[in-house]
Amino acid sequence: MRLIQNMCTIAEYPAPGSAAAAGCLGAAGRRLVKIAVVGASGVGKTALVVRFLTKRFIGDYERNAGNLYTRQVQIEGETLAIQVQDTPGIQIHENGLSCNEQLNRCIRWADAVVIVFSITDHKSYELIGQLHQHVQQLHLGTRLPVVVVANKADLLHIKQVDPQLGLQLAGVLGCSFYEVSVSENYNDVYNAFHILCKEVSHKQQPSGTPERRRTSLIPRPKSPNMQDLKRRFKQALSAKVRTVTSV
Ligand SMILES: Nc1nc2c(ncn2[C@@H]2O[C@H](COP(=O)(O)OP(=O)(O)OP(=O)(O)O)[C@@H](O)[C@H]2O)c(=O)[nH]1
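Figured I'd write up the structure that's included with this text.

Reading the values: rules and limits
Residues numbered from 1 in each chain as written. Predicted model: local features only at pLDDT ≥ 70, side-chain atom pairs only at ≥ 80, totals over all residues. Heavy atoms only, no water. Pairing = 2+ DSSP bridges. Helix = DSSP H or I, 4+ residues; strand = E, 2+ residues; numbered from the N terminus. Axes fitted to C-alpha atoms, helices over the stretch in contact; angles between N-to-C directions. Contact = heavy atoms within 4.5 Å. Buried < 20%, exposed > 50% of the residue type's maximum accessible area, 1.4 Å probe, protein only. Phe/Tyr/Trp six-rings, centres within 6.5 Å; stacked < 30°, edge-to-face > 60°. Lys NZ or Arg CZ within 6 Å of the ring centre and 35° of its normal. Expected span 1.5 Å × (residues − 1). Polar contact = N/O pair within 3.5 Å; in protein donor to acceptor, adjacent residues only side chain to side chain.

We now examine the sheet that holds strand β2 (residues 68–75). Read from one edge of the open sheet, 6 strands run β2-β3-β1-β6-β7-β8, paired in mixed fashion. Every other strand in the sheet has two partners, leaving β2 and β8 (176–179) as the edge strands with one partner each. Strand after strand, the sheet turns through a mean of 25 degrees between neighbouring axes, direction not considered. Across the sheet, helix α6 (residues 186–204) touches β1 (32–39), β2, β3 (78–86), β6 (112–118), β7 (146–151) and β8, and the angle it forms with β2 is around 80 degrees.

As structure tokens, this is what we get:
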């Protein structure tokens, strides 16, 4: 669903391959972390995004057209710019997932993905494996950080999925896992996003950086200056002259 109040939105995210999409610097030169939130319809994707961004649970949203939101977070002492893309609910058909090009573009654009299911909707849980596979296929050659979020933990009386199953599945897929109630708890929501930002942040550090920093600390041999060269040349010459005259 789409948030209808109190939120600034960015209408378009850069197309994959564009200079803006390729860079990892956001406004004010801050490092940028781009996160897509995906999952079946009605699992609470918009509620999750809004909770993360505003700390509030509004509970009243309209169907999602796919909005991009932005905020800043502190990760290990550094302020990062975060863009969070809410996406329309994914439909499941007999022959698998139905992901339209807009959704695929969004997943390709992302540095990390939150896959959400609801513990009150078994079908939304069944989607996780396929969705994870789809995400990784769109990022062939890299291991995209993914967190699986089991939402609506407050609705235990109508649960269809034991959150433990979510934890096991996330383990098999190699993802982090959070069980949350967007309506009742902000901290778990924050932690789910925070761990992703941290993972992306570590991935974005150029692998050569520490090495480069280290090597730049090793003192380079000083190049001889011209005065020194001249002096040494004169010394060598006069020694030679002395040798020749003494013969
Ligand atoms: N009880 C409870 N309700 C929730 C929770 N999270 C979301 N909801 C409700 O679930 C409904 C669907 O939430 P949305 O955030 O619109 O779900 P969505 O995944 O964005 O839905 P689509 O836009 O259709 O894909 C709304 O009525 C929310 O208020 C939760 O943790 N607990």
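The set of residues buried in helix α3 (residues 101–109) consists of L103, N104, C106, I107 and W109. Its buried side turned inward, α3 meets β1, β2, β3 and α4 (122–137).

Scanning all chains against the criterion turns up 4 aromatic pairs. On the numbers, 6.0 Å between centres and 40 degrees between planes, the contact of Y186 with Y190 is tilted. With Y186 and Y190 both in helix α6 and 4 residues apart, this pair spans about one turn of that helix. Relative accessible area serves as the criterion here: at 16%, Y186 is assigned to the buried category. Look at Y190 and you get partly exposed, because its relative accessible area is 21%. Put simply, the rings of F52, Y186, Y190 and F193 pair up and form one aromatic cluster. The cationic tip of R71 hangs over the ring face of F52; the distance from NZ or CZ to the ring centre is 4.7 Å.

A few words now on α4. Taking 1.5 Å of rise per residue, the 16 residues of α4 would be expected to cover 22 Å, and the 24 Å separating its terminal C-alpha atoms lies within 8% of that figure. Taken together, the buried positions of α4 are S124, Y125, L127, I128, L131, H132, H134, V135 and Q136. Between the side-chain oxygen of the N-cap and the backbone nitrogen of K123 there are 3.1 Å, and the N-cap of α4 in question is D121.

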